[in-house]
Amino acid sequence: MRKPYKIWLPILLVYLAPLTASAQAPGPQGGGSFRVQCPTATLLHPGGSGTGNPTPASSEAPYTGPISRSATKDPTGAYTFSPALTFTDHGGAIKCQEISGGDGMMTEADGNQTYMFSFGPLSGLGAIQNGLPGTQFPSVFNSGYTAGPNFVNSQPNPIYDGVTSPSDPVAAGANAALSDPAGIMNTGVLNGNIPAPLMAFDEDDEFFLTLSNVGMIMRPDLFEQHTVHFHGYPNASSFYDGVPDASLAINIGGSFTYYYVAPDAGTYFWHCHITPPEHLQMGMVGQLYVRPRQNRLQGGANLFQSLAGCLGNSTDCPARGLPAVLGQQSDKRTACNPATDILCSVPIPVTDTGALQTAGAKYVYNDGDGSTAYDFDVPLQIHGFDPNFHFVGMTFNPEGFADMKDKYFLLNGRSYPDTIGISGYAGLPATATNPDPVTNAISTNDTDSISRPSQPLHSLITLSASGGHACAATVTTCGQRAALRIADLDVQEYQTLSSIGIPMLLVGFNAKILRDQAGNNLFIKTNSITLGGGESLDVILDSTGIAPGTYFLYTPQLDHLSNDAENFGGLMTEVVVTQ
Ligand SMILES: [Cu+2]
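Now for a quick tour of the structure. Residue numbers restart at each chain and count upward from 1, following the sequence in its written direction. Only residues with pLDDT of at least 70 get local features here, since the model is predicted, and only at 80 or more are side-chain atom pairs given and counted; chain-wide, interface and lining totals rely on the full set of residues. Side-chain metrics rest on all non-hydrogen atoms present in the structure, leaving aside hydrogens and water.

### So, the coordination of the copper ion
Here the coordinating atoms are restricted to nitrogen, oxygen and sulfur within 2.8 Å of the metal centre, or 3.2 Å for Na, K and Ca, and because water is not among them the sites may look incomplete. For the copper ion, the full set of protein donor atoms is H226 (ND1), C272 (SG), H279 (ND1) and M284 (SD), at a range of 2.1 to 2.7 Å. Angular criteria define each label, namely tetrahedral for four donors with all angles between 85 and 135 degrees, square planar for four and octahedral for six donors with opposite donors over 155 degrees apart and remaining angles between 65 and 115, and irregular for whatever fails these tests. Taken together, the four donor atoms surrounding the copper ion define angles of 86 to 127 degrees at the centre, an arrangement classified as tetrahedral. Spacing between the donor residues of the copper ion along their common chain follows H-x45-C-x6-H-x4-M. Each residue is placed in one exposure class: buried if its accessible area under a 1.4 Å probe, protein chains only, is under 20% of its type's maximum, exposed if it is over 50%, and partly exposed if it falls in between. Overall, the relative accessible area of 0% leaves M284 in the buried class.

So, in structure tokens, the structure goes:
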């Protein structure tokens, strides 16, 4: 078993090194001496016509079924494969993101400022501040910062202060990666976010994620390493899995690029894996979701056939008067044959419902029947903070892991009423500077007296009672469907969320669609869900037939409806149904 590794590892490393160098010619990424890995072409996504992967891309290519491809050379042309490599190409693209690991401060709903060990964005700063995923195509990621509002003393330094000003990345539309070491430090230090930067990409993408450890300026006595652990990643190699005792960890001053081929669609999450009870409690946790191939189908495509194909035989299509279609079943990675594989991810629906793709429609899973269609994503990360543990973490006292007791209960890093804290809503003046009137990010004044957007994601959910997704035949007016991508990374407690008045449709659990091996949907209509730390699920809220008004998404664990000593607040947000 050892010989193949000995042969392949040097070949792989030799092949990767020149590729990244040539893909990043001088000029992009701010012209810095340090280049963040985000190639514009790889073996899997070589670009050019006829490959299904038009990289470098700025939009998703349509999915027309699997393509069998072979390659005799790597994208640089320098290395020859003999015999040729053959593989199945499902499209997708290259996506990149850059983050810092360090420390920072956040603001609790009762006004307390809490110290964190935390991740912050070093790319996609504008998107993150607007509550969007910071994941970018190479064309954006590698575009670089140019001198101007994002330069201070000739150094890249997007100090984003949470208000729209010339130095604000939102004003500048800045989503490129910071590659200059000074820029990484200038922006990364004390730049902690809770939740950690949001990531979202598409099934079949190649994802390059660079972590730079900028150190913890409040704790110079500590030499904490950080890692990224993609929780639930089904193809984990220990090298990129972020578990320090089985792999590597990133020291202060170090950078490392993690590499993933985007797995089955669903809601996942990520976190640092150094002393997990400590670094997770201190705030190093983030959301991550993978969109299914089905989103990329061309308008009019049959959802069932795109999954099942013509049931894998040459006579089925003609018998049904259909053109031959190769479905996702022809790909060994995602094929689902219950007779031989009880762990298959997405069983084919029992029948072809005839559901067709509407261009631009979104689904939680490759459902084959349109049952997980939705209008917009609502990432919801449940977390809890123990203020005593964070205080001790900022000072030099020993931490008592066994005494950990959460007193703040957080949805996307905010407790009620900050969860609905967007300017112009619930009594907040539209001109308030915190949250930012443009992005709705909440900022915290850090110990260096610079205010940074520490909690960019609000969780106010607004659904229109009309004008949403396609109606079922029996319904006259359709509302909107929000896909709640809920993950719980609480270290200490189980958490329950209830919805009164709008049923929750639970369609997936731990990044698997709720469906039996025969293909029957086992979706659950419920008014509450409960998660332990390390679990995720997908809930659809549908406003069809719901009277306009304000509804609540809240925990019935009444002691979690508080912000430390403040009796009202906690794990709660609002769902507003408009006309
Ligand atoms: Cu860490």
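Alright, that's what it looks like, and here's the rest.
### Describing the pairing of strand β26 (residues 535-542)
Per the convention used, a helix needs a DSSP run of H or I reaching at least four residues, while a strand needs a run of E reaching at least two, with both numbered from the N terminus. Judged by how many residues are buried, β26 sits mostly within the fold: six of eight residues are covered. Across eight bridges, strand β20 (residues 481-488) lies against β26 in antiparallel orientation. Bridge pairing links A487 to S536 in β26. When DSSP finds two or more bridges between two strands, those strands count as paired. Where strand β22 (residues 504-509) lies against β26, five bridges are found, and the strand directions are antiparallel. By the bridge assignment for β26, F509 is matched with L537.

### Points about the pattern of salt bridges
Any two side chains of opposite charge can pair, on the condition that their charged atoms come close. Salt bridges are identified by distance alone: a Lys or Arg side-chain nitrogen within 4 Å of an Asp or Glu carboxyl oxygen. In the structure shown here, the tally under the stated rule is 17 salt bridges. The salt bridge partner of R293 is E203, with a shortest N-O separation of 3.9 Å. Remark: E203 occurs in the loop between β7 (196-202) and β8 (206-215) and R293 occurs in the loop between β12 (285-291) and α7 (303-308); sequence separation between them is 90 residues. By relative accessible area, E203 is classed as buried at 1%. Several salt bridges converge on common partners, so that one network encompasses E60, K95, D202, D205 and R291.

### As for the packing of aromatic side chains
Two aromatic rings, drawn from Phe, Tyr or Trp (for Trp, its six-membered ring), form a pair once their centres lie within 6.5 Å of each other, and the interplanar angle then sorts them: stacked below 30 degrees, edge-to-face above 60, tilted otherwise. The final tally for this structure, using the stated rule, is 16 aromatic pairs. Measuring from ring centre to ring centre gives 6.0 Å for Y115 and F117, while their planes differ by 85 degrees; the resulting arrangement is edge-to-face. Taken as a pair, Y115 and F117 share a single burial class, namely buried. Plain terms: the ring middles of F201 and F230 are 6.4 Å apart, the flat faces sit at 75 degrees to each other, and that makes the pair edge-to-face. Of this pair, F201 sits in strand β7 while F230 is found in strand β9 (residues 229-231), placing the two residues 29 residues apart along the sequence. A relative accessible area of 0% places F201 in the buried class. Note on F230: relative accessible area 2%, which makes it buried. An aromatic cluster is built from F201, F207, F230, Y233, Y260 and Y268, whose rings are joined through pairwise contacts. When the ring centre of F396 is taken as origin, the NZ or CZ atom of R219, which lies over that ring, is 4.8 Å away. Lysine and arginine charges are scored as sitting over a ring when NZ or CZ, respectively, is within 6 Å of the ring centre and within 35 degrees of the ring normal.

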